Structure formats: C-alpha cells, structure tokens
Amino acid sequence: MRVEKGNVTLEIVQGDITKQPDMEAIVNAANAELMPGGGVAGAIHRAAGPELAEACRPLAPIRPGQAVITPGFRLPNRYVIHVLGPVYGRDVPSDRLLADAYRNALKVADAHKVRSVAFPAISTGVFGYPMEEAAQVALKTVLEEASRLQHVRHVRFVLFDERARDIHEKVLAHLEPTT
Ligand code: AR6
C-alpha cells in the first residue's frame, strides 16, 4: 500500500528491515546502550558487521525518543538511524515518546539529506507496545512531519508479519481516507 502526502510517498510493506537495498537509511529499534540485542537490533548488527557496534559506542547511551545516525557498513544502506522507543507503560507518556522517536528519526535523516527511510514497528516487540496503538502513533506522526521535510521523499514501513502489515494498512486507510 502507498499514499502520497505532500512531496512524500508513504509505503507499507511486509518484509525484513535488513533487506531494503533501495533505501538510503534504515531505522534501528535500538536499546539505550546501542548494543546488538535481539529483534531488529540483533538483525541489523549482524548484517552490518562489528564495525556498527564500534561506531555506536561513543554515541551511547540514548534516551527514549532520541535518534542518532551511523554509517550502514556492510548493509546495503548508507545509514542506520538508531532510535530508542519507549517501554510500553514504563517510559511515559509512551505515545509521546514513540512519536518523538519517529519525528527525531525523520529530522536526523533530513539533516543528512537522506531521500529514503525505512522504519520497523518501533517498540512493538520486546518493548511491548500494542501493534494497533503503535501504528496509530507512527503513521500519524510521519504524516504530520511529511510537510516539513526538505530532503526525505520516501518513507517505508517494513512490517515483519502479515498481521502487523494488515494493521498498519487499516490504520493508514483510516487516517488518509481519500487515497
Ligand atoms: N525486520 C523488520 N521487523 C522486525 C525484524 C526484522 N528483521 N525483526 C523483528 N521485527 P523489537 P522493540 C519486528 O523487539 O520492541 C531489542 O532486543 C518485531 O516483530 O526489535 O523496540 C533491542 O536490543 C516487532 O514488531 O524492538 C531493545 O532492547 C518490531 O520489529 C529492544 O529489543 C520491533 O521489535 C527494543 O524493543
């Protein structure tokens, strides 16, 4: 599914965040220490190689909602943007911190003149954020931010399974009913 919002194309696909070779930057659902860990972070660090953890070390720790950028090393992407999502119900208000994570990732991308960014569903794994609530915050924030972006022209949500993809499509259809 894809919609146009201002100059930005917003796309929803099912897939693996480490296998998006046409995107200039991918977003990592990181931990505060920016270490490999499991889930998205584990997959990104495995695919990027050990140089990624080296590059991350001086940038850690980060706070919920914060975003930092590194090269992509052995990934097909030029950059990895690392964000720390909120632990649902512990880092509060979780909705605002999750919105900050998306907004700050887009700001960092734009500041580096990045044209395309792929996001996973931040906080919806180990951090326990319910998928539909997270999709509402994520998609609303990206749609709101779209008009402010100077360089980013393509935002892709990469959902790991069919259920997550369906939820995002439903939420986006609701937020953008005319397209
Ligand atoms: N591509 C796309 N989506 C994925 C992939 C993948 N390769 N792998 C998992 N997902 P999570 P969080 C989905 O737990 O909740 C880590 O251990 C997954 O199904 O990676 O922000 C870090 O070190 C889920 O829907 O991120 C942190 O400690 C979503 O991506 C902590 O987990 C996010 O799952 C961060 O937790």
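Residues numbered from 1 in each chain as written. Predicted model: local features only at pLDDT ≥ 70, side-chain atom pairs only at ≥ 80, totals over all residues. Heavy atoms only, no water.

### What about unusual backbone geometry?
Cis geometry marks the peptide bond from A60 to P61; its omega dihedral reads -5°. By the secondary structure assignment, P61 is in the loop between helix 2 (51–56) and strand 4 (67–71). With an omega of -5°, the peptide bond running from V92 to P93 counts as cis. Along the chain, P93 falls in the loop between strand 5 (79–83) and helix 3 (94–111). (Helix = DSSP H or I, 4+ residues; strand = E, 2+ residues; numbered from the N terminus.)

### Considering the sheet that holds strand 4
One open sheet accounts for seven strands, arranged 1-2-7-6-3-5-4; its pairing is mixed. Bordering the open sheet on either side are strand 1 (2–5) and strand 4, each of which pairs with just one other strand. The average angle at which neighbouring strand axes cross in this sheet is 20°, direction not considered. Direction of pairing for strand 1 relative to strand 2 (residues 8–14): antiparallel, over a ladder of four bridges. Paired with R2 across the strands is E11, a residue of strand 2. On top of the sheet, helix 3 reaches strand 3 (25–29), strand 4, strand 5, strand 6 (116–119) and strand 7 (154–159); it is set at about 150° to strand 5, its chief contact. In this fold helix 4 (residues 131–146) packs onto strand 1, strand 2 and strand 7, with an angle of close to 160° to the strand it touches most, strand 2. (Pairing = 2+ DSSP bridges. Axes fitted to C-alpha atoms, helices over the stretch in contact; angles between N-to-C directions. Contact = heavy atoms within 4.5 Å.)

### Some words on the UniProt feature "domain: Macro" (unreviewed entry) in the chain
Here the UniProt feature "domain: Macro" (unreviewed entry) sits at residues 1–176. For residues 1–176, the end-to-end C-alpha separation is 12 Å, with 36% helix and 20% strand making up the annotated structure. (UniProt positions renumbered as here; feature names shortened; annotations may be inferred.)

### Here we look at the environment of S147
Tracing the chain through its elements places S147 in the loop between helix 4 and strand 7. Separated by 141 residues in the primary sequence, S147 and G6 place their C-alpha atoms 6.0 Å from one another.

### Brief notes about helix 1 (residues 39–48)
Regarding helix 1, the residues found buried are A41, G42, A43, I44, H45 and A48. Buried-residue contacts for helix 1 involve strand 3, helix 2 and strand 5. Just past helix 1, the residue G49 takes up positive phi, approximately 95°. (Buried < 20%, exposed > 50% of the residue type's maximum accessible area, 1.4 Å probe, protein only.)

### Focus: the site of the ligand
The local shell around the ligand holds 22 residues, among which N31, V40, S123, T124 and G125 are the closest. Contact distances for the ligand include 2.7 Å between an oxygen atom and a side-chain N or O atom of T124. Within the backbone of G125, an N or O atom sits 2.8 Å from an oxygen atom of the ligand. Computed on the free molecule, the ligand has an accessible area of 700 Å², of which 88% lies beneath the protein chains in the complex. At four residues, the largest contribution of residues to the shell around the ligand is made by helix 1. Its residues assigned to classes, the shell around the ligand shows 13 nonpolar, eight polar and one charged. (Near = heavy atom within 4 Å. Polar contact = N/O pair within 3.5 Å; in protein donor to acceptor, adjacent residues only side chain to side chain. Areas by Shrake-Rupley, 256 points an atom, 1.4 Å probe, with all protein chains shown as cover. Nonpolar A, V, L, I, M, F, W, Y, C, P; charged D, E, K, R; others polar.)

### Topic: the packing of helix 4 against helix 5 (residues 162–175)
For the pair helix 4 and helix 5, interaxial distance at closest approach is 9 Å and the crossing angle is 50°. The angle between helix 4 and helix 5 places the two elements in the oblique class. The chirality of how helix 4 crosses helix 5 is right-handed. Mapping the contact onto sequence places M131, E132, A135, Q136, L139, K140 and L143 in helix 4 and R163, A164, I167, H168, K170, V171, L172 and L175 in helix 5. Residue classes in the contact of helix 4 with helix 5 are distributed as nine nonpolar, two polar and four charged. (Parallel < 35°, antiparallel > 145°, perpendicular 65-115°, else oblique. Left-handed = near helix turned anticlockwise from the far one by under 90°.)

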